[in-house]
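What follows is each chain in one-letter form.
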Amino acid sequence: MNLTGKKIILAVTGSIAAYKTPQLVRLLVKSGAEVRVVTTDAAEKFVSPLSLATVAKHPVYSNISDGAMWNNHVALGRWADLLLIAPCSANTLAKLANGLCDNLVCAVYLSAICPVFVAPAMDEDMWHHPSTKKNITEIVSFGNRIIPVAHGELASGIVGEGRMAEPENIIAHLEHYFFSENDQPLKGKKVLVTAGPTYERIDPVRFIGNFSTGKMGIAIAETLAEKGAEVTLIIGPTHLSVSNNHIKTIHVESAREMYHACIDAFPDTTLAILSSAVADYRPKEMASEKIKKASDTFDISLVRNPDILESLGKMKTESQTLVGFALETNNELENAQKKMIAKNTDYIVLNSLRDEGAGFGGDTNKITILDRDGTNHSLPLQSKTAAAAAIINHILKMQNA
Ligand code: CTP
């Protein structure tokens, strides 16, 4: 995988992370890309245009006009196969979200007809500010892609989220994009993914839930979308956002809401992967007012929730593939195999809570894929994105075998 022959515009904005951009340009060039660099005035306080021009082997553009020369942003925007805005400051992000055009970077962005990748960089508190979140959601809805920020030490000295992804990581995103552009075995196929926890209300302020964040399911949905599928993602409460506008996301809260959304969506799909951590029980009754403490103990009576996977297993036709997850703490393979039979799935993806690095919330997972005939494939600890790709590639390989 490389970027041979790809025309890439790197737009650099005012963030301390701009000091990493000569290395980023060097890696782009090394990967075979032809690079043009556009900067804002603020960017040039952090990185010298001379360094960037030297590694890009081309002068840097920073103004709409340089002396008597008009820098044709429309031509630049049309020249590129991809526009990468890295680092993207909070200020530029707000401009992109609102269509402002007071510098060359914004003008190129508005003129670009190619895919746009944005690698944000800012301090943790800025990154978590509601306006930043809103702006990210806004630019994702325009079809732009976000290269996730990293966790680590920030310019303020705070350790947290907001660092620009490392140049090697940014290159990996771009290479993966160009590679998967030609690798769309699921083009036009409708697929369903569930993700995240469910919350079962006890009263207006309390619920029964679990520690699932939806990260694994989002990775699956994004991988399927990259392979061309039309994805419906039904997701329980989570603070994570989905960075691919080819995914139709339906937000639900409770197991019953998730059940109804799945029953509606499933008949049209050829593949369904249910990775959500659904609450098996809900309070028999939800109190309409906040429950006041009275005695030393308090019992909640629970009733069973519908089993979504089992219901889809009953509805499943010959042409549909159904994949379930199994989260186990003991007798893992045996329990997972039983779930596959009981719920009539074609595959089960097994997570064991005994494996370090597997489970809720983290960035990694260690999975075993069980086939219907009992064969199991144990995979090493890897990122959730890599685990998602492994699951989907396995299903595709089996279908083509
Ligand atoms: N699942 C579901 N609906 C439920 C419970 C689980 O669709 N009410 C799905 C999950 O999304 C997962 C699979 O069933 O794909 C297995 O979930 P898991 O929590 O491992 O097992 P359970 O079926 O709930 O069984 P148990 O809790 O007894 O292990």
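Within each chain, residues carry numbers counting from 1 in the order of the written sequence. Residues qualify for local features only when their pLDDT is at least 70, as the model is predicted, and side-chain atom pairs are given and counted only at 80 or more; totals for whole chains, interfaces and linings, by contrast, use all residues. The side-chain figures draw on all heavy atoms in the structure; neither hydrogens nor water molecules are used.

**Let's talk about the pairing of strand 9 (residues 159-163)**
Applied cut-off: Following DSSP output, two strands are said to pair if at least two bridges run between them. A run of H or I in DSSP counts as a helix once it spans at least four residues, and a run of E counts as a strand once it spans at least two, with each numbered from the N terminus.
Here strand 8 (residues 150-153) pairs with strand 9 via 4 bridges, running antiparallel. Each residue of the ladder has a partner; that of Gly152, found in strand 9, is Gly160. As consecutive antiparallel partners, strand 8 and strand 9 are separated by 5 residues, and within that stretch Gly157 has a phi angle of approximately 95°, a positive value.

**Some thoughts on the environment of His377**
Note the cut-off: Relative accessibility under 20% of the residue-type maximum defines a buried residue, over 50% an exposed one, and the middle range a partly exposed one, all with a 1.4 Å probe and only protein chains included. Contacts are assigned to residue pairs with any non-hydrogen atoms lying within 4.5 Å of each other. Polar contacts, as counted here, are pairs of nitrogen or oxygen atoms within 3.5 Å of one another; within protein the pair requires one atom able to donate a hydrogen and one able to accept it, and residues that are adjacent in sequence qualify only if both atoms are side-chain atoms.
Considering the arrangement of structural elements, one finds His377 in strand 22 (residues 376-378). Its relative accessible area of 26% is what places His377 among the partly exposed residues. Between the C-alpha atoms of His377 and Leu154, which are 223 residues apart in sequence, the distance is 40 Å. For His377, the residues in contact, after removing those within four places along its chain, are Ile367, Thr368, Ile369, Asp371 and His394. Within polar-contact distance, the side chain of His377 engages the side chain of Asp371 at 2.8 Å.

**What about the layout of surface pockets?**
Here is the rule: Note on definitions: the grid is 1 Å and covers protein atoms alone; a cavity is a set of points where a 1.4 Å probe fits but cannot get out; a pocket is an open set with protein on both sides within 12 Å along at least five of seven lines; lining residues have an atom within 4 Å of a point. Grid points are joined across faces, edges and corners, and a volume is the space filled by probe spheres set on the points. Each residue is assigned to one class: nonpolar for Ala, Val, Leu, Ile, Met, Phe, Trp, Tyr, Cys and Pro, charged for Asp, Glu, Lys and Arg, and polar for all the others, Gly among them. Bear in mind that the domain bounds are from an automatic or database domain assignment.
In this structure, the largest pocket spans a volume of roughly 1,900 Å³. If you trace the largest pocket, you find 49 residues lining it, with Ile146, Pro148, Glu222, Ser241 and Ser243 closest to the centre. Sorting the residues of the lining of the largest pocket by element identifies helix 7 (130-141), strand 7 (145-146), strand 8, helix 8 (167-181), helix 9 (215-226), strand 14 (247-251) and helix 13 (384-400) as the ones contributing at least two each. The residue inventory of the lining of the largest pocket, partitioned by class, reads 18 nonpolar, 22 polar and 9 charged. Each of domain 1 (7-181) and domain 2 (190-399) contributes no fewer than three residues to the lining of the largest pocket. In this structure, the second largest pocket spans a volume of roughly 960 Å³. In terms of lining, the second largest pocket is formed by 38 residues, of which the most central are Ser276, Ala277, Val278, Phe325 and Leu327.

**Details of the pattern of salt bridges**
In plain terms, the rule: Any carboxyl oxygen of Asp or Glu that lies within 4 Å of a side-chain nitrogen of Lys or Arg is treated as forming a salt bridge with it.
Using the criterion set out here, one finds 11 salt bridges in the structure. The closest approach of N and O atoms between Arg163 and Glu166, which form a salt bridge, is 3.0 Å. Take Glu166: its relative accessible area is 31%, and that puts it in the partly exposed class. Residue Asp203 is joined to Arg206 by a salt bridge in which the shortest nitrogen-to-oxygen separation is 2.5 Å. A relative accessible area of 1% means that Asp203 is categorised as buried. Its relative accessible area of 33% is what places Arg206 among the partly exposed residues. Overlapping salt bridges bring together Lys20, Arg163 and Glu166 as one network.

**Examining the nonpolar core**
Defined as follows: In these notes, a set of buried Ala, Val, Leu, Ile, Met, Phe, Trp, Tyr and Cys residues joined through side-chain atoms within 4.5 Å is what counts as a nonpolar core.
Ranked by internal contacts, the top residues of the largest apolar core, which has 33 residues, are Leu28, Leu84, Ile170 and Leu174. At the level of secondary structure, the elements contributing two or more residues to this core comprise strand 1 (7-12), helix 1 (21-30), strand 2 (34-39), helix 2 (49-56), strand 5 (82-88), strand 6 (116-120) and helix 8. Looking at this core, the element that brings in the most residues is helix 8, giving 5 residues. In this view, Ile170 contacts Leu24, Leu84, Ala86, Ala119, Ile147, Met164 and Ala165; residues no more than four positions away in its chain are not counted. If you look at the next biggest cluster of nonpolar residues, it comprises 32 residues, including Leu186, Val193, Leu233 and Val323.

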